[in-house]
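Chain residues, written in single-letter form:
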Amino acid sequence: MIDKEKIQAAIRLFIEGIGEDPNREGLQETPERVAEMCEEIFAGIGQDSHSVIKVLKSEKYDEIVLLKDIPFYSMCEHHLLPFSGVSHVAYIPQGNRVTGISKLARVVNIEARRPQVQERLTTDIAESIMKALKPKGVLVIIEAEHLCMTMRGIKKPGTKVLTSVVRGIFRDNPATRAEVMALIKGH
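Each value, and the rule that gives it
- Residues numbered from 1 in each chain as written.
- Predicted model: local features only at pLDDT ≥ 70, side-chain atom pairs only at ≥ 80, totals over all residues.
- Heavy atoms only, no water.
- UniProt positions renumbered as here; feature names shortened; annotations may be inferred.
- Helix = DSSP H or I, 4+ residues; strand = E, 2+ residues; numbered from the N terminus.
- Contact = heavy atoms within 4.5 Å.
- Buried < 20%, exposed > 50% of the residue type's maximum accessible area, 1.4 Å probe, protein only.

### Re the UniProt feature "binding site: Zn(2+)" (unreviewed entry) in the protein chain
- As recorded in UniProt, the sites labelled "binding site: Zn(2+)" (unreviewed entry) are C76, H79 and C148. Across 73 residues in sequence, these annotated residues keep their C-alpha atoms within 7.9 Å of one another, forming a single compact spot.
- By secondary structure assignment, the location of C76 is in strand β2 (residues 65-76).
- In this structure, C76 is in contact with L81, F83, Q116 and C148, ignoring residues within four places of it in sequence.
- Summarising the element assignment, H79 is placed in the loop between β2 and β3 (82-92).
- Accessibility expressed as a relative area gives 38% for H79, which makes it partly exposed.
- Dropping the residues within four chain positions of it, H79 is found in contact with C148 and R152.

### What to know about unusual backbone geometry
- Even without a glycine there, the phi angle at N96 is positive, about 60°.
- Examined against the element boundaries, N96 turns out to sit in the loop between β3 and β4 (97-98).
- Classification of N96 as partly exposed rests on a relative accessible area of 26%.
- A positive phi angle is found at K134, which is not glycine, with a value near 50°.
- Structurally, the position occupied by K134 is in the loop between α4 (118-133) and β6 (137-146).

Written out as structure tokens, the structure is:
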């Protein structure tokens, strides 16, 4: 749970720490605005993303289900700067167990809305889907740009970081993995 009063006090100290006056007209309401922002962008803290996946029984369907280009925004836990991009989530149902496609996007959203590193974010999404759906396999790919690399440090705007997690049949069967990769690329 977000403690808005603690965030507001910390932001006032931060403003003073960078040499600004927290009582200056443009900054007076900044601590409150930042506390509100934190409540929104860190809303995934304490949520179990697998719990949003509702298992539906379908007709016999055991082919690839792919949701691609799911936009997300997250905060790098190392620098508390944003990273954003898209995720691609694929699974192959087992035992007629499917879910509504919006649930996959919800999993991405919940996992991204907490302090993260991209590698763990990718793994957390895949593990959540594996736990809830028990599919034949899951594949998650994330492409993101990190402001900690673009506005500070090495200063290389436009650089993308790609991470992937492969479970089950996507790991064990190269042809199945190649098929989903072709679908992601749009071929």
